[in-house]
Amino acid sequence: MYSSIIRDIKAKYGSRLAILGHHYQSDAIIGHTDLKGDSLELARQIDKLQAEYIVFCGVHFMAESAAILRKERQRIFIPDSSAGCVMANMAPADLVEFILKRILKETGKKIIPLAYVNTPAAVKAVCGNYDGSVCTSANAVTMMKWALERGDGVLFLPDKNLAMNTADKLGLSAGSRCELDIRGGGMNVDMKAAAKSRLLMWPGLCPIHQRFKVNQIEEFRRRYPDALVAVHPECPPELVQAADADGSTSFLIKFVEQAPSGATIVVGTETNLVNRLDAIHHDKKVIPLGISFCSNMAKITEKNLAELLQNIENASEEDVEDDIRIPARKALERMLEACA
Ligand code: 13P
Ligand code: SF4
């Protein structure tokens, strides 16, 4: 029933309406999307879209990024604005700015803030205001290099695993990294360690990816000695090291596509995507490393999508106030330019 409501409204609006979906959405939602992608691909598309109504099926920071990048005449919607990203909420903007200011002042070093796209707009605004930028899992290596070239060090937030996995790829030594103690309202940061470090890491993580364990990979390797293992870089570094490859959701999709026919591929990321890959590739066996659904991604349903579309003219749209939007856009544009 909801499915036919969605189809009818899409037909009525035609190219005036675009439904975007992240790869972690359910198959039912993916079936209604005009565009699907990873965080970087979706952010890149906003500027190119002609549609006036853009409905974002994903978590809130994704719709918010679209609202930062939208054209004047475009309106951005999310079917359930309570669909937050647990990791994004681990770096509140006030605390980020307080700690960054203290580090700049007390170390005398030029530290460039680099926010993972999984952050609230206010954190991206802090990055925009302090010569920093944003990255996604697809371009973290390029953007960490970008930040290191512009300062004495980089403050990477909120994902510590992505920070470490990216630093490993860039060959940054363990001694040049420090994890920030953000407790005590930001007063616990070890300034001596911060002054010596090239990479200052916020201690955030994604619970969906943190859950995977190396012994799960070892178990699959025992059962399927020829299996390929690919994981998302939000997984802990020991997982990434035990896997054959790691990358963004789009990378994982390509990895499975490019694997030889008959291959067994174990994928460590959100389960909706892994199950979809298995269903699409009849000639391959695609197995989840473990069952791990993102409950916030799951808040988007055909029901709330249909209800939003039925009321789209009067629905409340995603908007970001200018004092946040302008510097946050600057931070996002630096990323889009650096990765053009
Ligand atoms: P991607 O940018 O790789 O799609 O990842 C987004 C995300 O939230 C992963 O948990
Ligand atoms: Fe956030 Fe993790 Fe869900 Fe991705 S999978 S949206 S990082 S909580």
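These lines cover the structure that appears in this document, whether it is placed above or below. (Residues numbered from 1 in each chain as written. Chains lettered and ligands numbered in written order. Predicted model: local features only at pLDDT ≥ 70, side-chain atom pairs only at ≥ 80, totals over all residues. Heavy atoms only, no water.)

### Let's talk about the site of ligand 2
Here is step 1 of the chain: Around ligand 2, the neighbouring residues are Tyr-24, Val-59, Cys-85, Val-86, Met-87, Asn-118, Cys-206, Ile-208, Glu-234, Cys-294 and Met-297.
Here is step 2 of the chain: In terms of residue class, the shell around ligand 2 is built from 9 nonpolar, 1 polar and 1 charged. (Near = heavy atom within 4 Å. Nonpolar A, V, L, I, M, F, W, Y, C, P; charged D, E, K, R; others polar.)

### Considerations on the packing of aromatic side chains
Here is step 1 of the chain: Per the counting criterion, the structure on display carries 4 aromatic pairs.
Here is step 2 of the chain: Here Tyr-53 and Phe-77 contribute two aromatic rings whose centre-to-centre distance is 6.4 Å and whose plane-to-plane angle is 25 degrees, an arrangement assigned as stacked. Here Phe-77 lies in strand S4 (residues 75-77) and Tyr-53 lies in strand S3 (residues 53-57), a separation of 24 residues in the sequence. In terms of burial, Tyr-53 and Phe-77 fall into one category: buried.
Here is step 3 of the chain: A network of ring pairs unites the aromatic residues Tyr-13, Tyr-53 and Phe-77 as a single cluster. (Phe/Tyr/Trp six-rings, centres within 6.5 Å; stacked < 30°, edge-to-face > 60°. Helix = DSSP H or I, 4+ residues; strand = E, 2+ residues; numbered from the N terminus. Buried < 20%, exposed > 50% of the residue type's maximum accessible area, 1.4 Å probe, protein only.)

### So, the pattern of salt bridges
Here is step 1 of the chain: Taken as a whole, this structure holds 17 salt bridges when the rule is applied.
Here is step 2 of the chain: Between Lys-10 and Asp-34 there is a salt bridge whose closest N-O contact spans 3.3 Å. With Lys-10 in helix H1 (residues 2-13) and Asp-34 in the loop between helix H2 (27-30) and strand S2 (35-37), this residue pair connects regions lying 24 residues apart in the sequence.
Here is step 3 of the chain: Of the charged contacts, one joins Asp-246 and Lys-169 as a salt bridge, the two residues approaching to 2.5 Å between their closest N and O atoms. Pair noted here: Asp-246 is in strand S11 (residues 245-246) and Lys-169 is in helix H8 (residues 160-170), with a separation of 77 residues, a long-range link.
Here is step 4 of the chain: Classification of Asp-246 as buried rests on a relative accessible area of 16%. (Salt bridge = Lys/Arg side-chain N within 4 Å of Asp/Glu carboxyl O.)

### Digging into helix H15 (residues 302-310)
Here is step 1 of the chain: Residues of H15 that are buried include every one of Asn-304, Leu-305, Ala-306, Leu-308 and Leu-309, and no others.
Here is step 2 of the chain: Among the structural elements, H1, strand S1 (17-22), H2, S3 and S4 are those in contact with the buried residues of H15. (Contact = heavy atoms within 4.5 Å.)

### Some thoughts on the site of ligand 1
Here is step 1 of the chain: In the vicinity of ligand 1, the residues found are His-22, Tyr-24, Asp-38, Ser-39, Asn-118, Ser-137, His-209, His-232, Glu-234, Ser-248 and Thr-249.
Here is step 2 of the chain: In this structure, Asn-118 approaches ligand 1 through a side-chain N or O atom, which is 3.1 Å from an oxygen atom.
Here is step 3 of the chain: In the model, an oxygen atom of ligand 1 is placed 2.8 Å from a nitrogen or oxygen of the His-232 side chain.
Here is step 4 of the chain: Protein chains shield 96% of the accessible area of ligand 1, which is 300 Å² for the free molecule.
Here is step 5 of the chain: Its residues assigned to classes, the shell around ligand 1 shows 1 nonpolar, 8 polar and 2 charged. (Polar contact = N/O pair within 3.5 Å; in protein donor to acceptor, adjacent residues only side chain to side chain. Areas by Shrake-Rupley, 256 points an atom, 1.4 Å probe, with all protein chains shown as cover.)

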